[in-house]
Amino acid sequence: MEKIIIVDYGSQYTRLIARRVRENHVFSEVVSPQSTLPPGEIKGIILSGGPESVYEESAGKIPVWFDQIKGSIPVLGVCYGFQLIIHHLKGVVEHTGKSEYGRTNMHLNGKTTFFNGCPSSFITWMSHGDSVTRLPHGFEKTAQTDSGIISAAENEQLSLYGIQFHPEVKHTEYGETIISNFLFEQCGCKASWSLEDFAEQKIKEIREYVGNKQVISGFSGGVDSSVASVLVHKAIGDNLTNIFVDHGLLRKDEEIEVPVVFKRALGLKFRLVHAKDEFFNELAGVIDPEQKRKIIGEKFIRVFEREASEIGNADFLVQGTIYSDVIESAGTKTGKTAKIKSHHNVGGLPEDMKMSLIEPLRDLFKDEVRKIGEILGIPDHIVHRQPFPGPGLAVRCLGEITDEKINILKEADYIFREVLREAQWLEKAWQSFAVILPVRSVGVVGDRRSYGYTVALRSVDSVEAMTADWSRIPHELLDEASRRITNSVKEVGRVVYDITSKPPGTIEWE
């Protein structure tokens, strides 16, 4: 199978490059700079961006195999990757005092097949402080920005291409065209790969890896864990047991509804574990969000280990980890990506866990996971269910977790989602939920002073969870939600709406 290799130097956008390649029906695989080239028909290589300066001693280095494949396999350097190629081949990369961030106009120097289909000037997305100031022998400058900075260059004889901007992000005009050109003009790919292939390959890999051993799945009822469980079930059948943990941090009535609905819809084996007291005892007095996530991550594993022992010493644990979880927990191949927060199923796992992980969706974005779900025949109401975080309401209850605050949050969250559902707005949003703040404010109820909690409502639109924008919900619906919450949940004195996008915020509050 033909493939494109992407070398990860720690950019937040590395998996976006992988995704853009796959959107062209070409298989992509992400490796670290220290890795050997994987087997298979490698048609091209992309060196990703990264947060470092190439001339720093600790910076990521060019792969040891680079000089061996130079001239035989096309290589594209993106941002840091471009600078790395230039630096390695004795060009000059330096900090000139000119930086470029965000939308930047770029001009082409004549025609080149790399920019086929692009106009002479267009907007690109830049993110660099260093610049290429002198090209190595054999390279030709093919584009520059308004400020005169080299933004693209190539050595056609050695099949080396470099761009200072990020074609993988939507803000770059003609970015999809540029990636497509590299794949089909420079690399000669055939567009023969699909997510159907991915699913088939994963099922085969899991079957060979597990054999006849028992496996348990940490099943939350969300689309990620559902797709992961069905994928593994396709591989090993009834050797998989799904563990649904009621940790007291689920949405209203989910501990009752989820096992019934999903057992009927998916035909999977389920075990319901009531563990609220265990989780709440460990979380008592904890305020720091990172500590909460790590406690929940470890507690989940201990519950799973206990259940694994009871069903017959299961050796493997299935998790619905997806790539946005990995990125935010700084779990890239290099470990250089900035840590945003520890996800309970990535950065929150204990080092001494006794089971081996199976994470079949680890390299996929949310929208790709949904497509895999459709391929596997999972019903639409499950595939397109709104995401719900593994730590549950713990990351929506700011400050200390208490029974009182969680019960308030469950009711407020239920009311908000019901208002959206009645108006057919719930299915329009990526994710909609309530957050309870560790803030009380003065109000007036029945001519008397009140002092109630503040609840924030949050609704966002997204595709792959790497970026998100706040939902433009009609004001009358927000008004209806606010009135219902304050009328029905007496402990709530104020309702606000969060209009922060990601970035700079994250989708969840903690």
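To be clear, the structure that these remarks concern was listed above.
Worth saying up front: this structure is predicted, and the values here are computed from it rather than measured.

Rules used throughout
Residues numbered from 1 in each chain as written. Predicted model: local features only at pLDDT ≥ 70, side-chain atom pairs only at ≥ 80, totals over all residues. Heavy atoms only, no water. Helix = DSSP H or I, 4+ residues; strand = E, 2+ residues; numbered from the N terminus. Rg over C-alpha atoms; globule rule 2.2 N^0.38 Å. Buried < 20%, exposed > 50% of the residue type's maximum accessible area, 1.4 Å probe, protein only. Areas by Shrake-Rupley, 256 points an atom, 1.4 Å probe, with all protein chains shown as cover. Lys, Arg positive; Asp, Glu negative; His and termini not counted. Charge placed at Lys NZ, Arg CZ, Asp CG, Glu CD. Pairing = 2+ DSSP bridges. Axes fitted to C-alpha atoms, helices over the stretch in contact; angles between N-to-C directions. Contact = heavy atoms within 4.5 Å. Salt bridge = Lys/Arg side-chain N within 4 Å of Asp/Glu carboxyl O.

## Considerations on the overall build of the chain
Part 1 of the reasoning: The helix and strand inventory of the chain stands at 14 helices and 20 strands.
Part 2 of the reasoning: In terms of C-alpha radius of gyration, the chain reaches 25 Å, essentially the compact-globule figure of 24 Å for 510 residues.
Part 3 of the reasoning: Considered along the principal axes of its C-alpha atoms, the chain spans approximately 75 × 60 × 40 Å.
Part 4 of the reasoning: For the chain, the proportion of its 510 residues judged to be buried stands at 59%.
Part 5 of the reasoning: On the chain, roughly 21300 Å² of surface is accessible, and the fraction owed to carbon and sulfur atoms is 48%.
Part 6 of the reasoning: For the chain, the distance from the average site of its 60 positive side-chain charges to the average site of its 71 negative ones is 1 Å.

## A few points about helix α1 (residues 14-23)
Part 1 of the reasoning: Most of α1 is tucked away: 9 of the 10 residues are buried.
Part 2 of the reasoning: Along α1, the residues that are buried comprise Thr14, Arg15, Leu16, Ile17, Ala18, Arg19, Arg20, Val21 and Arg22.
Part 3 of the reasoning: A positive backbone phi angle near 65° is found at His25, which sits one or two residues after α1.

## Quick notes on the sheet that holds strand β13 (residues 240-246)
Part 1 of the reasoning: Across the sheet, which stays open at both edges, the 5 strands sit in the order β14-β13-β12-β15-β16 with parallel pairing between neighbours. What marks the edges here is a single partner per strand, and that holds for β14 (270-274) and β16 (356-358). Between one strand and the next, the sheet's axes are offset by a mean angle of 30°, whatever the strand orientation.
Part 2 of the reasoning: Of the strand pairs in this sheet, β13 and β14 are connected by 5 bridges, and their pairing is parallel.

## Side note on the pairing of strand β6 (residues 100-108)
Part 1 of the reasoning: Where β6 and strand β7 (residues 121-128) come together, 8 bridges link them in antiparallel fashion. Across the sheet, Arg103 pairs through a bridge with Trp125, a residue of β7.
Part 2 of the reasoning: Two elements, β6 and strand β9 (residues 140-145), share 3 bridges in a ladder whose sense is antiparallel. Bridge pairing links Met106 to Thr145 in β9.

## Focus: the environment of Ala152
Part 1 of the reasoning: Here Ala152 shows up in strand β10 (residues 150-155).
Part 2 of the reasoning: In sequence terms Ala152 and Leu376 are 224 residues apart; their C-alpha atoms lie 42 Å from each other.
Part 3 of the reasoning: Setting aside chain neighbours within four positions, we find Ala152 in contact with Phe115, Glu140, Lys141, Thr142, Ala143, Gly162 and Ile163.

## Points about the pattern of salt bridges
Part 1 of the reasoning: Under the definition given, this model contains 30 salt bridges.
Part 2 of the reasoning: A salt bridge links Glu510 to Lys292; its shortest N-O distance comes to 2.9 Å. Of this pair, Glu510 sits in the segment after β20 (492-497) while Lys292 sits in helix α9 (residues 289-311), and the two are 218 residues apart along the sequence. We note that Glu510, like Lys292, is buried.
Part 3 of the reasoning: Between Glu422 and Arg484 there is a salt bridge; the shortest N-O distance is 2.7 Å. With Glu422 in helix α13 (residues 403-422) and Arg484 in helix α14 (residues 475-488), the pair connects residues that are 62 residues apart, well separated along the chain.
Part 4 of the reasoning: Look at Arg484 and you get partly exposed, because its relative accessible area is 28%.
Part 5 of the reasoning: Shared partners join several salt bridges into a network, and the residues in it are Glu422, Asp479, Glu480, Arg483 and Arg484.

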